Amino acid sequence: MKKSHRLKTGIFSGSFNPIHIGHLALANYLCEYEGLDEIWFMVTPQNPLKTQDELWSDELRLRLVELCISDYPHFRASDFEFHLPRPSYSVYTLEKLREAYPDREFHFIIGSDNWARFDRWFQPERIIKENHIIIYPRPGFPVAAEELPETVRLVHSPVFEISSTFIREALKAGKDVRYFLHTQSHTINEVCHCTKQARANQMSERACQSNIGWSSTLAHLILMSYFDIAKEFFKKTLTGLGLVWYYMSGQEESPQMTVPAVSEDFPRTIIIDALL
């Protein structure tokens, strides 16, 4: 494959369910040390190797990525695959990207774990033939660099043993994993903190699940920037609860359950602790 003077764009495709510091640190390394001009976080609507039930909503995952990468100029969130036929296959996505952005040289980023099972992908030979591929190391999946095709290269980035599955399970268990997440996505951790509070106050399992349900809905509305809808949902949901404390900018609100006018900082600073 001939050298190109086009903008070198890394395609980091994944469910980002949710995005965490492992994703961000790896992409940061590839931009700063491996010659990429930018990286697009390609949020996938459906992975053919995963069940749809495992995924958070497309909009929520995309919004989390947007929030977490907004302060680094070489990152971009992309919903490109949302507009392609499902299930999404990488060979088609890369083909459509080349057609839509001829001014860019795309580099497809995958982990060594995926490279080990690359023959299970849809049309793997075509992906290798038509695209640049960057492999980053994953624990337990060594790669023989000397045996790689011409279009494929191995980078020696730091290894991050963090998974989105671990994050989701930790949140469900009420664990405080704030340092595994970007500060912008910590809202999810704060909202799911209600689970831990429920246990501490000997909440019934049924009540706990109900609490998680409305809290997750509120988090979704907040992250999607549906501020007015979130405010109304918040007001209607809290009405009738026995004991609810919530804080906004450090000021405790009155117990009458009235919802004051809020600024755009409200969705990112609210901390909810709800007790039935």
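Residues numbered from 1 in each chain as written. Predicted model: local features only at pLDDT ≥ 70, side-chain atom pairs only at ≥ 80, totals over all residues. Heavy atoms only, no water.

**Q** Break down the overall build of the chain for me, citing the residues and quoting the values.
**A** Each helix and strand in the chain was counted, giving 11 helices and 9 strands. Relative to its 276 residues, the chain shows a buried fraction of 48%. Once local pairs closer than 6 in sequence are excluded, the contacts in the chain between residues at least 24 apart make up 65%. Counting every atom, the chain has about 14,800 Å² of accessible surface; 51% of that belongs to carbon and sulfur. (Helix = DSSP H or I, 4+ residues; strand = E, 2+ residues; numbered from the N terminus. Buried < 20%, exposed > 50% of the residue type's maximum accessible area, 1.4 Å probe, protein only. Contact = heavy atoms within 4.5 Å. Areas by Shrake-Rupley, 256 points an atom, 1.4 Å probe, with all protein chains shown as cover.)

**Q** Can you lay out the nonpolar core for me, pointing to particular residues and giving the numbers?
**A** One finds Phe-12, Ile-19, Leu-30, Ile-39, Phe-41, Phe-75 and Ile-109 to be the most contacted residues of the largest nonpolar core, which totals 26 residues. For this core, the secondary-structure elements that each account for two or more residues are helix 1 (21–33), strand 2 (38–43), helix 2 (58–69) and strand 5 (132–136). Sequence-distant contacts of Leu-30, defined by excluding residues within four places in its chain, comprise Gly-35, Leu-36, Ile-39, Ile-109, Ile-134 and Val-155. (Core = buried A, V, L, I, M, F, W, Y, C linked by side-chain atoms within 4.5 Å.)

**Q** Can you explain the pattern of salt bridges? Please cite residues and give values.
**A** A side chain of one charge can pair with a side chain of the opposite charge when the charged atoms of the two come close. For the structure on display, the rule yields 12 salt bridges. Residues Asp-58 and Arg-86 are paired through a salt bridge, measuring 3.1 Å at the closest nitrogen-oxygen approach. Of this pair, Asp-58 sits in helix 2 while Arg-86 sits in the loop between strand 3 (75–78) and helix 3 (90–100), placing them 28 residues apart in sequence. We note a salt bridge from Arg-126 to Glu-130, for which the minimum N-O separation is 3.1 Å. Pair noted here: Arg-126 and Glu-130 are both in helix 5 (residues 124–130), with a separation of 4 residues, about one helical turn. Under the relative-accessibility criterion, Arg-126 is labelled partly exposed at 22%. Through salt bridges with shared partners, one network takes in Glu-95, Arg-98, Arg-126 and Glu-130. (Salt bridge = Lys/Arg side-chain N within 4 Å of Asp/Glu carboxyl O.)

**Q** Outline the packing of aromatic side chains, supporting the account with residue identities and numerical values.
**A** In the structure shown here, the tally under the stated rule is 17 aromatic pairs. When the centroid spacing of 4.5 Å and the interplanar angle of 65 degrees are considered together, the rings of Tyr-72 and Phe-75 count as edge-to-face. Here Tyr-72 matches Phe-75 in class, with each residue buried. Centre to centre, the rings of Phe-118 and Trp-121 are 4.8 Å apart; their planes meet at 35 degrees, and the pair counts as tilted. Chaining the aromatic ring pairs together yields one cluster made of Phe-12, Phe-16, Phe-41, Tyr-72, Phe-75 and Tyr-136. The side chain of Arg-76 reaches across the aromatic face of Trp-40, ending 4.0 Å from its centre. (Phe/Tyr/Trp six-rings, centres within 6.5 Å; stacked < 30°, edge-to-face > 60°. Lys NZ or Arg CZ within 6 Å of the ring centre and 35° of its normal.)

**Q** Please give an account of the sheet that holds strand 5 that cites residues and values.
**A** Picture the strands of a sheet paired through backbone hydrogen bonds; they go either parallel or antiparallel. One open sheet accounts for 6 strands, arranged 3-2-1-4-5-6; its pairing is parallel. Looking at strand neighbours, the two that pair on one side only are strand 3 and strand 6 (152–154), the edges of this open sheet. Going from strand to strand, the sheet's axes swing by 30 degrees on average, the running direction of each strand aside. Alignment of strand 1 (residues 7–14) against strand 4 (residues 104–111), held across 6 bridges, turns out to be parallel. Of the residues in strand 4, the one forming a bridge with Gly-10 is His-107. (Pairing = 2+ DSSP bridges. Axes fitted to C-alpha atoms, helices over the stretch in contact; angles between N-to-C directions.)

**Q** Could you give an account of the pairing of strand 5, naming the residues involved and the relevant values?
**A** Along strand 5, 5 of the 5 residues are buried, which leaves the element largely enclosed by surrounding structure. Residues His-132, Ile-134 and Tyr-136 point to one face of strand 5 and Ile-133 and Ile-135 to the other, with burial holding for every one of them. With 5 bridges joining them, strand 4 and strand 5 adopt parallel strand pairing. Its bridge partner being in strand 5, Phe-108 is matched across the sheet by Ile-133. Note: strand 5 against strand 6, 3 bridges, orientation parallel. Bridge pairing in strand 6 links Ile-133 to Val-152.

**Q** Can you break down unusual backbone geometry residue by residue, with the values?
**A** Pro-18 follows Asn-17 through a cis peptide bond whose omega is 10 degrees. Relative to the helices and strands, Pro-18 resides in the loop between strand 1 and helix 1. Cis geometry is adopted by the peptide bond preceding Pro-87, which originates at Arg-86 and carries an omega value of 0 degrees. For Pro-87, the location among the structural elements is in the loop between strand 3 and helix 3. Phi is positive for Phe-16, which is not a glycine, with a value near 45 degrees. Mapped onto the secondary structure, Phe-16 falls in the loop between strand 1 and helix 1. One non-glycine residue with positive phi stands out, namely Gln-123, at about 50 degrees. For Gln-123, a relative accessible area of 29% puts it in the partly exposed group.

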